[in-house]
Amino acid sequence: MLTKPGMPLDVRPRWRIGFVCWLLFQSMSVLAAEPLAGKPFELALDQKIGRVWGGQDGHTLRHVVRDLIDSQGISIVLDRRVDPTQPVELTLPPAPLRDIMSAIARKLKTGMSIVGNVVYVGPTDSARKLRTLVELRNADMSKLTGAAKTGKSPWRNRPVPLTQRKTFDWQELDRPRDMLQEVADRFKIEIDGLDKLPHDLWARTSLPQVTATEAMSLLLVQFGSTFEFVPDRAAIRIVPIPERVFVERSYPVPANSPMKLSAARGQFPEIELEQSGAKLIARGSVEQQAELAAWMRPGSQKTTKPPGSPLSERRFKEIKRKNLPLGDAIKTFIDYGIKIEYDPTQFADEGISLDQKIDIDEKDISFEKLFRKLFEPLGIEVTIDGETVQLRPKPKSL
């Protein structure tokens, strides 16, 4: 060990012991702070929490993200294009963590997506495409590795499967190029076009138990990029994200059933739909496909929505819920594909609790009548504007 001339000999061992203890403490802190993955991660997203940010404390987005990472033990990736120094003023009553993250994203006019064990917050268009990009790359990988089994290919008998889950932890001011290179090295692949990424320095980031496609997608999306596989060698090539990103799936339907197609098109105008014999072909995002699949299940189509009709004219065939918290009721309608705008902060300020329980038991009722019947007795004003339902606390009477 090098020491300065004249340093007392009895100081040196204490300095070394102190330094080693500090390193051990840092290592233990990193281990203890490893974000949740798998079932614990899902449970954390469903856990109800409440938060107040802003006021005299003057919280920035960076503080908010760090607070949730440290207190809830989850991984949050904030896109490099989102300013972390912007102030955040939010008062959120107890709600599931995933709803808290959605509220933060809406406040920032950004989007949110959950990929594997990571919550991503970034530009709306990127958040909307991210999970679909991951699924597309997984499909490409399956085709590539499947073809490799029948012949000679660098993708055959790979020592590290790209579906293997690994944890990555990067420190403050690490370069994204180095982060991508580490992912490539640990999965034993090469990256073409890495030198074309602009220089940048990122905040500390953790990706717990991610696959190669998840890790690469979460990093590259922040540059407006995705990747494609190079078939003749174990490599990927960085490419721009296409303007239109979708997955195609088919659903069985009775042949010669135009009403089925019309109803689906009315319910899901953003999905490209066509009927081919006994199949309904759908092209849309992963999230849109999940909503369509739920709607297509026998007995699950609880709403009617004639094509082109405004929301105020549509009807519920049947909806029944017992002892349902108000916040969960609103989420249930959102799951039906209804766009609902409301501010939990305004509700809290007016004493409207999202935890209060309500019962719903209605048949053949219009959307508008149902919403007014449920919400207006709770002091909530209902406004239907085209395809959007706006919920606001009723104005105080003078």
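Just so it is clear, the model here is predicted, and its values are computed rather than measured.

A look at the side chain of Arg283
For Arg283, the location among the structural elements is in strand β13 (residues 279–284). A polar side-chain atom of Arg283 sits 2.8 Å from a polar atom in the side chain of Glu272. At a separation of 3.0 Å, a polar atom in the side chain of Arg283 contacts the side chain of Glu274. Excluding residues that lie within four positions of it along the chain, Arg283 makes contacts with Arg244, Phe246, Val247, Glu248, Ile271, Glu272, Glu274 and Gln289.

Here's the deal with the nonpolar core
In this structure, Leu207 and Met216 are the most contacted members of the largest nonpolar core, which totals 41 residues. Contributions of two or more residues to this core are made by β5 (118–122), α5 (124–148), β6 (166–170), α6 (176–186), β8 (205–210), α7 (212–220), β9 (225–230) and β10 (235–240). Setting aside anything within four residues of it in sequence, one finds Met216 in contact with Leu180, Val183, Ala184, Ile189, Ile191, Phe227 and Ile236. Among the nonpolar cores identified, the runner-up in size contains 26 residues, and Phe316, Leu324, Ile352 and Phe375 belong to it.

Some words on the packing of α6 against α7
It is at 10 Å that the axes of α6 and α7 come closest, and there the two elements cross at 170°. Taken together, the axis directions place α6 and α7 in an arrangement best described as roughly antiparallel. Contact with α6, carried on its side by Met179, Leu180, Val183 and Ala184, involves Ala215, Met216, Leu219 and Leu220 of α7 and no other residues of that element. For the contact of α6 with α7, the per-class residue count stands at 8 nonpolar, no polar and no charged.

Digging into the sheet that holds strand β16 (residues 339–341)
With mixed pairing, the 3 strands of this open sheet are ordered in space as β16-β19-β18. With one partner strand each, in any of the chains shown, β16 and β18 (380–385) form the two edges of the open sheet. Taking each pair of neighbouring strands and ignoring which way they run, the sheet shows an average axis angle of 25°. Sheet topology places β18 next to strand β19 (residues 388–393); 6 bridges connect them, and they run antiparallel. Bridging from a neighbouring strand, Glu381 pairs with Arg392 of β19. Contacting β18 and β19, helix α12 (residues 367–375) runs over the sheet at an angle of about 165° to β18.

Thoughts on the environment of Arg265
Note that Arg265 resides in helix α8 (residues 258–267). With a relative accessible area of 43%, Arg265 lands in the partly exposed category. Side-chain polar atoms of Arg265 contact the backbone oxygen of Leu273, separated by 2.9 Å.

Some words on the confidence of the model for the chain
Should the pLDDT be low somewhere, the predicted coordinates at that spot are not to be read in detail. Predicted confidence across the chain gives a mean pLDDT of 81, with 82% of residues reaching 70 or more. The least confident element of the chain is helix α1 (residues 11–32), whose mean pLDDT is 41; the most confident is β5, at 97. Per-residue pLDDT stays below 50 along residues 1–32; that stretch engages in 7 contacts with residues further than four places along the chain or on separate chains. Predicted confidence for residues 301–309 stays below pLDDT 50, and this span has 30 contacts to residues more than four positions away or in other chains.

Comments concerning the sheet that holds β5
Read across the sheet, 3 strands follow the order β2-β5-β4 without closing on themselves; strand pairing throughout is mixed. If you trace the sheet from one side to the other, it starts and ends with β2 (75–78) and β4 (111–115), each paired once. Averaged over neighbouring strand pairs, the angle between their axes works out to 20° when direction is ignored.

Topic: the pattern of salt bridges
In the structure shown here, the tally under the stated rule is 25 salt bridges. With its nearest N and O atoms 2.3 Å apart, the salt bridge here joins Glu135 to Arg249. Of this pair, Glu135 sits in helix α5 while Arg249 sits in strand β11 (residues 247–252); the two residues are 114 residues apart in sequence, bridging distant segments of the chain. What makes Glu135 partly exposed here is its relative accessible area of 29%. Lys373 is paired through a salt bridge with Glu362; the nearest N and O atoms lie 2.7 Å apart. Here Lys373 is found in helix α12, whereas its partner Glu362 is found in strand β17 (residues 357–366), with 11 residues between them in sequence. Residue class for Lys373 comes out partly exposed when judged on its relative accessible area of 49%. The exposure class assigned to Glu362 is buried, which follows from its relative accessible area of 17%. Three or more residues joined by partner-sharing salt bridges are found here, namely Arg244, Glu248, Glu272, Glu274 and Arg283.

Focus: unusual backbone geometry
Positive phi values are uncommon outside glycine, yet Lys109 reaches one of about 60°. Position of Lys109 among the secondary structure elements: in the loop between α4 (97–107) and β4. Residue class for Lys109 comes out exposed when judged on its relative accessible area of 72%. With a phi angle near 50°, Asn323 is a residue other than glycine that sits in the positive phi range. Tracing the sequence through the fold places Asn323 in strand β15 (residues 315–325).

Some points on the environment of Pro325
For Pro325, the position within the fold is in strand β15. Residues Pro325 and Asp355, spaced 30 residues apart in sequence, show a C-alpha to C-alpha distance of 4.8 Å.

Conventions used here
- Residues numbered from 1 in each chain as written.
- Predicted model: local features only at pLDDT ≥ 70, side-chain atom pairs only at ≥ 80, totals over all residues.
- Heavy atoms only, no water.
- Helix = DSSP H or I, 4+ residues; strand = E, 2+ residues; numbered from the N terminus.
- Polar contact = N/O pair within 3.5 Å; in protein donor to acceptor, adjacent residues only side chain to side chain.
- Contact = heavy atoms within 4.5 Å.
- Core = buried A, V, L, I, M, F, W, Y, C linked by side-chain atoms within 4.5 Å.
- Buried < 20%, exposed > 50% of the residue type's maximum accessible area, 1.4 Å probe, protein only.
- Axes fitted to C-alpha atoms, helices over the stretch in contact; angles between N-to-C directions.
- Parallel < 35°, antiparallel > 145°, perpendicular 65-115°, else oblique.
- Nonpolar A, V, L, I, M, F, W, Y, C, P; charged D, E, K, R; others polar.
- Pairing = 2+ DSSP bridges.
- pLDDT = per-residue confidence, 0-100.
- Salt bridge = Lys/Arg side-chain N within 4 Å of Asp/Glu carboxyl O.

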